[in-house]
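Read off the chains here:
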Amino acid sequence: MFENLFWIGFVGAALALIFALVQSRKVLKFSEGTDQMKTIAAAIRSGANAYLKRQYAGVLKVFIVVFIILLILAFNPWKVLLAPFVPFAFLTGGIYSGLAGFIGMRIATSANARTAQAAHEGLNRGLRVAFSSGSVMGFTVVGLGILDITVWVHILKYGFHCDPATVGSTMVMFGMGASFMALFARVGGGIFTKAADVGADLVGKVEAGIPEDDPRNPAVIADNVGDNVGDVAGMGADLYESYVGSILASFALAVSAGYGWNGIFMALALGVVGIIAALIGTFFIRTGESTDQKALLSALRRGTYIAAVLAAVAAIPLSYFIMGQASWVGIFVAILSGLVAGVLIGYFTEYYTSDTYKPTRELAETTQTGPATVIIGGISLGMKSTCVPIIVVGAAILVSYFAAGGGADPAKGLFGIGIAAVGMLSTLGITLATDAYGPVADNAGGIAEMSGLGEEVRERTDALDGLGNTTAATGKGFAIGSAALTALALLVSYIDLVKAQDPDILNLSITNPPLLVGIFLGAMLAFLFSALTMSAVGRAAQSIVVEVRRQFREIQGIMEGTGKPDYESCIDLCTRSAQKEMIMPSLLAIIVPVIVGLILGVNGVVGLLAGVTVTGFALAVFMSNAGGAWDNAKKYIEAGHLGGKGSENHKAAVVGDTVGDPFKDTSGPSLNILIKLVSTVSIVFSSLIIAFHLM
């Protein structure tokens, strides 16, 4: 009945992309402020564009190499090891992922000065401009994601007349291009932004004692550029990959569960319904003129909660009519479990990272005894914060599995887990909007400081920036939680794909040595990847520290405001460092699953996927929340508590924030891409591994 309604995906994509276009035009109608504000915004925009141009040029070379490898696997005359559509879907996934990040970054760099000027007129006006720019990012991601999936469904179903089994098993491989682009964008952007941020803070705040975003700091423009290439372009590519991956995994699981076209259509239709619910939710976000963080958080929370409720209500008729009377209740409960899990993860991430709540305020109080206790307190807080997300995701897995019929038919239960992941991400349009809003507010504060706007403007932008730190942490928690469910669905898809090729090859006993070794290697991979990205930020930051010190020492009058810092040299240093340092960790995620598979076989790969998913999930939550809490503890002190700016407490908090920067903006959020990329690479190369493994 529903197998000829896949065109609804085009409707959902059109709604999202048209809304993004309307919001972008709305933002561009606002004034950029004074000539000085326009000049600063132009410098940030130029630096961000230059970085992305170099990054995409470098990633293009990797894509060409991988594309050729995939072509050989698909079209070699000896043994076909890959579906012929996969190499081309690899390209479209990467292009759309990169395009989503690029569009989001373009509007963010156009909205920063406009947000500062709007904040000059009122807090609510500033919030609306920043959030509108964030919604361009959010709805571009979901619009392009649904568009890419719908186009390929039509190509396979109507162009090549593929059956549901072929569509499901083939399209689960299509996420690799998006995963590749997401990893390079997130790691490279994360290295850039944190190198600039750490360098600017260590020399500017701690050594020179000048305020954050002071125009005398040579790294200040690079820091603002980094907010856009890391937290906007990187996050956009990241969540595009999560969104698409969850839907594609559900396609494969729907076929395994025997739901055929109806199950595939259910996942796509849920994505479309989520777009509509998120779009409606955006109209409920507004605030008064109070800079109280609780009031601001409530304003954003109102929109995301309304979107989640609307998606849940719409899922009832959707499940009933598509899945039928026998299955609809269980499928609806599975979707609801995903939505509730997303809301809970967001709330508890907010609890552990916002200075509105006790944990971050207690962390701020540890500054009274110096940087060491701040670091100890932040690590402890981050470790504690892993408990609730893991319990919530575990509960969502159990509820969705058994509600969907997993007790009687495991395949149906596994589809329940997959559709729960789609449910969690269904309202991504508004969730990502609240995340992408943060860097715009951060840039607005910097522009307000550098332009010498009034104290009341800086107070408003600081309030918006503090809110942005919390929403960014919430967005990362949401991305990590959805990654755990999506990675589990991909793991099951991998097992199903292997069974279809060789039913007797799997031995999933925990005592099977290749499986056990694979689990240890997966756990190790999460730590090794984090170590490489952390050290990359450290090396890049060192070069910025040296350069900023040199300029303070050699440029006459820089501290008096009569000498002009060389901003471009810091931007260039960050760009070159990021391009160089992102290669090793990114290649690690691509090469390791193939090598493990060729040596340990498919059982070793299953262990690898299990190990990296569990360890990577916990490690990512720990790092993201610890970093967010350190950042907001610093903001809490800067707001006038515990001695305020320039105090010994503040200096200790800056050190904690510096440690937390690569935690929350480089290593932590990159881990959720790692666990899905490892799964997707394993799926794509499964036939090669089965044909040539040693054990």
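1. What about the overall build of the protein chain?
- Along its length, the protein chain carries 21 helices and 0 strands.
- Its C-alpha radius of gyration of 24 Å places the protein chain within 12% of the 26 Å reference for a compact globule of 695 residues.
- Viewed in the frame of its principal axes, the protein chain has a C-alpha envelope of about 75 × 50 × 45 Å.
- Expressed as a percentage of its 695 residues, the buried residues of the protein chain come to 65%.
- Within the structure as shown, the protein chain displays about 22800 Å² of accessible surface, and the carbon and sulfur contribution to it stands at 67%.
- When the 43 positive and 48 negative side-chain charges of the protein chain are each reduced to one mean point, those points stand 3 Å apart.

2. Thoughts on the packing of aromatic side chains
- Evaluated as defined, the whole model comprises 21 aromatic pairs.
- A centroid spacing of 5.3 Å and a plane angle of 55° characterise the contact between Tyr259 and Phe415, whose relative ring orientation is tilted. Taken together, the residues span a long stretch of sequence, with Tyr259 in the loop between helix H7 (220–256) and helix H8 (260–281) and Phe415 in helix H14 (residues 410–425) at a distance of 156 residues. Grouping residues by exposure puts Tyr259 and Phe415 together as buried.
- On the numbers, 5.6 Å between centres and 75° between planes, the contact of Trp630 with Phe663 is edge-to-face. Taken together, the residues Trp630 in helix H19 (residues 583–638) and Phe663 in helix H20 (residues 648–684) connect sequence positions 33 residues apart.
- Ring pairs connect the aromatic residues Tyr347, Phe348, Tyr351, Tyr352 and Tyr357, which therefore count as one cluster.
- Directly above the aromatic system of Trp261 lies the positively charged group of Lys157, at a separation of 4.7 Å from the ring centroid.
- Over the face of the ring belonging to Tyr259 we find Lys412, whose NZ or CZ atom lies 5.3 Å from the ring centre.

3. Observations regarding unusual backbone geometry
- Within the chain, His161 stands out as a residue other than glycine whose phi angle is a positive 55°.
- When you line up the elements, His161 lands in the loop between helix H4 (123–159) and helix H5 (164–171).
- By relative accessible area, which is 66% here, His161 ends up exposed.
- For Leu642, which is not a glycine, the phi torsion comes out positive at approximately 55°.
- One can find Leu642 in the loop between H19 and H20.
- Classification of Leu642 as partly exposed rests on a relative accessible area of 27%.

4. Points about the pattern of salt bridges
- Inspection of every chain in the model, using the stated rule, returns 20 salt bridges.
- The closest approach of N and O atoms between Arg539 and Glu581, which form a salt bridge, is 2.7 Å. One end of the pair, Arg539, is in helix H17 (residues 513–554); the other, Glu581, is in helix H18 (residues 567–581), with 42 residues separating them in the sequence.
- By relative accessible area, which is 43% here, Arg539 ends up partly exposed.
- In this structure Glu581 comes out as buried when scored by relative accessible area, which is 13%.
- Of the charged contacts, one joins Asp631 and Lys634 as a salt bridge, the two residues approaching to 3.6 Å between their closest N and O atoms. Taken together, the positions of Asp631 and Lys634, both in helix H19 and 3 residues apart, correspond to about one turn of that helix.
- One continuous salt-bridge network, built from bridges that share partners, spans Asp631, Lys634, Lys635, Asp657, Asp661, Lys664 and Asp665.

5. Focus on the environment of Leu688
- Tracing the backbone shows Leu688 in helix H21 (residues 686–692).
- A sequence separation of 609 residues divides Leu688 from Lys79, and the C-alpha atoms of the two residues are 9.6 Å apart.

6. What about the packing of helix H1 (residues 8–28) against helix H3 (residues 86–121)?
- It is the contact of H1 with H3, at a shortest axis distance of 9 Å, that shows an interaxial angle of 35°. Of the two possible hands of crossing, H1 and H3 adopt the one that is left-handed. Between H1 and H3, the residues in contact are Ser24, Val27 and Leu28 and Ile107, Ser110, Ala111 and Arg114, respectively.
- Residue composition of the contact of H1 with H3, grouped by class: 4 nonpolar, 2 polar and 1 charged.

7. Concerning the nonpolar core
- Among the nonpolar cores identified, the biggest contains 236 residues, and Met171, Met176, Phe180 and Ile419 are the most heavily contacted of them.
- It is H19 that contributes the most residues to this core, 25 residues altogether.
- Among all residues touching Met171, those that are not within four sequence positions of it are Ile149, Trp152, Val153, Leu156, Leu248 and Phe251.

8. Quick notes on H4
- For H4, which comprises 37 residues, the first-to-last C-alpha distance of 52 Å matches the rise-based estimate of 54 Å (1.5 Å per residue) to within 8%.
- Buried residues dominate H4, accounting for 30 of its 37 residues.
- Looking one or two residues past H4, His161 carries a phi angle of roughly 55°, positive in sign.

9. Things to note about the side chain of Gln55
- Mapped onto the secondary structure, Gln55 falls in helix H2 (residues 35–75).
- Ignoring sequence-local partners within four residues, the contact set of Gln55 consists of Phe184, Ala185, Gly188, Gly189, Gln579 and Met582.

10. As for a nonpolar patch on the surface
- There is a patch of nonpolar side chains on the surface, built from Leu5, Trp7, Phe10, Val11, Leu15, Ile276, Ile280, Phe283, Phe284 and Leu310 and spanning about 820 Å² of accessible area.
- Of the residues forming the nonpolar patch, the biggest block, 3 residues, is contributed by H1.
- Checked against the element boundaries, Leu310 lands in helix H9 (residues 293–323).
- Residue classification places Leu310 among the partly exposed positions, given a relative accessible area of 33%.

11. Some words on the environment of Gly9
- With respect to the element layout, Gly9 can be found in helix H1.
- When residues no more than four places from it in sequence are discounted, the contact partners of Gly9 are Ile146, Thr150, Leu268 and Val272.

12. Topic: the environment of Ala436
- By the secondary structure assignment, Ala436 is in helix H15 (residues 428–451).
- Not counting the four nearest positions on each side in its chain, Ala436 is found in contact with Gly134, Met137 and Val232.

Calculation notes
- Residues numbered from 1 in each chain as written.
- Predicted model: local features only at pLDDT ≥ 70, side-chain atom pairs only at ≥ 80, totals over all residues.
- Heavy atoms only, no water.
- Helix = DSSP H or I, 4+ residues; strand = E, 2+ residues; numbered from the N terminus.
- Rg over C-alpha atoms; globule rule 2.2 N^0.38 Å.
- Buried < 20%, exposed > 50% of the residue type's maximum accessible area, 1.4 Å probe, protein only.
- Areas by Shrake-Rupley, 256 points an atom, 1.4 Å probe, with all protein chains shown as cover.
- Lys, Arg positive; Asp, Glu negative; His and termini not counted.
- Charge placed at Lys NZ, Arg CZ, Asp CG, Glu CD.
- Phe/Tyr/Trp six-rings, centres within 6.5 Å; stacked < 30°, edge-to-face > 60°.
- Lys NZ or Arg CZ within 6 Å of the ring centre and 35° of its normal.
- Salt bridge = Lys/Arg side-chain N within 4 Å of Asp/Glu carboxyl O.
- Axes fitted to C-alpha atoms, helices over the stretch in contact; angles between N-to-C directions.
- Left-handed = near helix turned anticlockwise from the far one by under 90°.
- Contact = heavy atoms within 4.5 Å.
- Nonpolar A, V, L, I, M, F, W, Y, C, P; charged D, E, K, R; others polar.
- Core = buried A, V, L, I, M, F, W, Y, C linked by side-chain atoms within 4.5 Å.
- Expected span 1.5 Å × (residues − 1).
- Patch = residues over 30% accessible without salt bridge, like charges linked within 9 Å, V, L, I, M, F, W, Y side chains within 5 Å.

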